[in-house]
Amino acid sequence: MLRVTTASLCSYCQRIRLLVPNSASAFTVTSPNKKPENQLTVDSLYELSVDIRKVRKSKAWVLSEKSSYVSETADVLRDMGADTAVIALILETHPEAVLCRPEDVAAQRDLWVSVCPNKRELMRIIEKFPASFFTLTHYSNQRDNILYLQSLHLSNRIIGKLMASAPQSFSRPVVLNKEVIHTLRETYLDLGGDEGNLRIWLQKLLSQNPFILLRPAEAWRDSLGFLREQGFSTEELLGLVSSLRASIAELRPECMQQALAFIEEALECSKDELKVIVIHCPAILYYSLPTLVARFHGLMDVGVSMEQVKESPNVLELTTQIVLYRIQKLASYGYDVCSGSLDVVVGTKKDFEMSCGKLQLRQQRPLFNPVAPLRSDED
């Protein structure tokens, strides 16, 4: 009797499962404290092949909103060249997009098109940075900031990159960005920069660090003032600003002071020698003190001397693990780092592999002595 009842129950459950639509089968029972889901939103997303489970896991509140514009948002994306898979990916990553009114999305599209060469390029940006595009709460600020940066004759490509990577810079009032740009201009000219190259210099800074406009103007003045006190010339300061990719505005004088004091003591160098080291390795200024201490002692533990670090300070840019790996690999080719130069250790991964390739060829190829007498087969 029990077996018959169980079989009947299973058969009943299977029939019920066939009658339930797929979107509803993915529906999870909400607790009494949660707002009920908008079934129209859920069904519309399901028809676009959006993974509802991902949306529930990351932004479940979106599905509970009373108003949504799923099909309208999809139409705008489709008009810009997005296929079904891309639309589904965008709405899974940033489901809040379906809450934006169609007229606001259309206005945002027109605004972004003004800095993008075509809709296809804009679609690539949206696919990568959907949250940047669908942030519609500060449209007037975005428009004013775009017009201001275009008035500086900055390239639209750079402006578009800024909008995608650092949308906060465009959401705030344009007067704040004007103040930062004014400080950057003053800094460049005070350090001996040429007015004719200012636009190129600004574009490099903005492309290297999209968040530079979010740093207060006072941060630039404090950081540069500290470095001036250390005896760096205007030409050297301009080089440091360019080398640090605008990160100098993110540095605090007290942290830079700690880093410089440690390097000066650890390498037993004079003030002038310290300046040379910083010019060759500006990264020293933004590494934390614990990081510098750990990397320096890691070098000492493997037999590297202070003089070697002083001659090749860029080795401090590498983690201890990378340095140990490179030293061991060089040793396998017969190169002793401790008795040679650290220049072969520093650099990018590509640079290091090229150096290893040269050492490997030298190891495999017998040395030819041009002054040794030639020996014939008869000898």
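Here, residues in each chain are numbered from 1, in the same order as that chain's written sequence. Side-chain atom pairs in this predicted model are given and counted only at pLDDT of 80 or more, local residue features only at pLDDT of at least 70, and totals for whole chains, interfaces and linings cover all residues. Side-chain metrics in this entry use all non-hydrogen atoms of the structure; hydrogen atoms and water are not considered.

Draft legend 1. Broad picture of the overall build of the chain. By definition, any uninterrupted DSSP run of H or I lasting at least four residues is a helix, any uninterrupted run of E lasting at least two residues is a strand, and each is numbered from the N terminus. Of regular secondary structure, the chain possesses 22 helices and 0 strands. By definition, residues are in contact when any of their heavy atoms lie within 4.5 Å. Counting only contacts in the chain whose residues sit at least 6 apart along the sequence, the fraction spanning at least 24 positions is 72%. Areas reported as accessible are Shrake-Rupley estimates using a 1.4 Å probe. Residue values count occlusion only from the protein chains shown. Of the roughly 21800 Å² that the chain leaves accessible, carbon and sulfur atoms contribute 54%.

Draft legend 2. Here's a closer look at the nonpolar core. Joining through side-chain atoms within 4.5 Å is the link that ties buried Ala, Val, Leu, Ile, Met, Phe, Trp, Tyr and Cys residues into a set, and such a set is a nonpolar core. Accessibility here uses a 1.4 Å probe with only protein chains present; expressed as a share of the type maximum, an area under 20% marks a residue as buried, one over 50% as exposed, and anything in between as partly exposed. With 106 residues, the main nonpolar core has Leu 77, Ile 126, Phe 134, Leu 184, Trp 201, Trp 220 and Leu 227 as its most contacted residues. Among the elements that line this core, the one with the most residues is helix α17 (residues 253-266), at 6 residues. Setting aside residues up to four positions removed in sequence, Leu 77 forms contacts with Ala 82, Ile 87, Ile 90, Met 123, Ile 126 and Phe 134.

Draft legend 3. Region of the structure containing the packing of aromatic side chains. Whether two aromatic rings pair depends on their centres lying within 6.5 Å, for rings of Phe, Tyr and Trp, where Trp uses its six-membered ring; planes under 30 degrees apart make the pair stacked, over 60 edge-to-face, and the rest tilted. All told, the structure shown has 5 aromatic pairs when counted by the stated rule. Ring centres of Tyr 286 and Tyr 287 lie 5.2 Å apart, and the angle between their planes is 50°; this geometry places the pair in the tilted category. Overall, the relative accessible area of 17% leaves Tyr 287 in the buried class. Ring-pair connections join several aromatic residues into one group, and the members of that group are Trp 112, Phe 133 and Phe 134. Working rule: Lys NZ or Arg CZ, within 6 Å of ring centre, within 35 degrees of ring normal, means a charge sits over the ring. Here the guanidinium or amino end of Arg 295 rests over the ring plane of Tyr 287, the centre of that ring lying 4.6 Å away.

Draft legend 4. Geometry of the pattern of salt bridges. One speaks of a salt bridge when a side-chain nitrogen belonging to Lys or Arg is within 4 Å of a carboxyl oxygen belonging to Asp or Glu. Following the criterion strictly, the structure yields 17 salt bridges and no others. A salt bridge links Arg 124 to Glu 121; the shortest N-O distance between them is 2.8 Å. Highlighted residues: Arg 124 and Glu 121, both in helix α8 (residues 119-128), separated by 3 residues, approximately one helical turn. You can call Glu 121 partly exposed: its relative accessible area is 29%. Between Glu 254 and Arg 252 there is a salt bridge; the shortest N-O distance is 3.9 Å.

Draft legend 5. The side chain of Asn 209, seen in detail. Mapped onto the fold, Asn 209 is located in the loop between α14 (198-208) and α15 (217-229). For this analysis, a polar contact is any N or O atom pair within 3.5 Å, provided that within protein one partner can donate a hydrogen and the other can accept it, and provided that sequence-adjacent residues contribute only side-chain to side-chain pairs. For Asn 209, the side chain forms a polar contact with the side chain of Glu 250, separated by 3.1 Å.

Draft legend 6. Structural context of the side chain of Arg 56. With respect to the helices and strands, the residue Arg 56 is situated in helix α4 (residues 52-59). Using a relative accessible area of 13% as the deciding quantity, one classes Arg 56 as buried. Of the polar contacts made by the side chain of Arg 56, one reaches the side chain of Glu 37; its length is 2.8 Å.

Draft legend 7. Expanded view of empty space enclosed by the protein. Cavities and pockets were defined on a 1 Å grid built from protein atoms only: a cavity is a group of points that admits a 1.4 Å probe but offers it no way out, a pocket is an open group of points flanked by protein on both sides within 12 Å along at least five of seven lines, and a lining residue is one with an atom within 4 Å of any such point. Grid points are joined across faces, edges and corners, and a volume is the space filled by probe spheres set on the points. Applying the stated criterion to the full structure yields 1 cavity of 30 Å³ or more. Estimates place the volume of the largest cavity at around 50 Å³. Lining the largest cavity are Arg 295, Gly 298, Leu 299, Val 315, Leu 318, Thr 319, Thr 320, Val 323 and Leu 324. Elements that contribute at least two residues to the lining of the largest cavity include exactly α19 (289-301) and α21 (320-332). Three classes are used, and their members are as follows: Ala, Val, Leu, Ile, Met, Phe, Trp, Tyr, Cys and Pro are nonpolar, Asp, Glu, Lys and Arg are charged, and the others, Gly among them, are polar. Across the lining of the largest cavity, the residue classes break down as 5 nonpolar, 3 polar and 1 charged.

Draft legend 8. Quick peek at the environment of Gln 360. The topology assignment puts Gln 360 in helix α22 (residues 349-364). By relative accessible area, Gln 360 is classed as partly exposed at 32%. Separated by 27 residues in the primary sequence, Gln 360 and Tyr 333 have C-alpha atoms spaced 6.1 Å apart.

Draft legend 9. Summary view of helix α13 (residues 174-190). Helix span, expected: 1.5 Å multiplied by one less than the number of residues in the helix. Across its 17 residues, α13 extends 24 Å between first and last C-alpha, which sits within 8% of the 24 Å expected from 1.5 Å per residue. Those residues of α13 not exposed but buried are Val 174, Asn 177, Val 180, Ile 181, Thr 183, Leu 184, Thr 187 and Tyr 188. Elements in contact with the buried residues of α13: α10 (139-151), α12 (168-171), α14, α15 and α16 (234-243). At the C-terminal side of α13, Gly 192 shows a positive phi close to 95°.

Draft legend 10. Main features of the packing of helix α5 (residues 70-79) against helix α6 (residues 84-93). Orientation is described by axes fitted as lines to C-alpha atoms, over the contacting stretch for helices, and by angles from 0 to 180 degrees between their N-to-C directions. Between α5 and α6, the shortest axis-to-axis distance is 10 Å and the interhelical angle comes to 130°. Between α5 and α6, the interaxial angle falls into the category oblique. For the crossing formed where α5 meets α6, the hand is right-handed. Contacts from Thr 73, Ala 74, Leu 77 and Arg 78 of α5 reach α6 at Ile 87, Ile 90 and Leu 91. Residues belonging to the contact of α5 with α6 are distributed by class as follows: 5 nonpolar, 1 polar and 1 charged. Note on angle classes: values under 35 degrees are labelled roughly parallel, values over 145 roughly antiparallel, values of 65 to 115 roughly perpendicular, and the remainder oblique. If you view the pair so one helix is near and one far, a crossing is left-handed when the near helix is turned anticlockwise from the far one by less than a right angle, and right-handed when it is turned clockwise.

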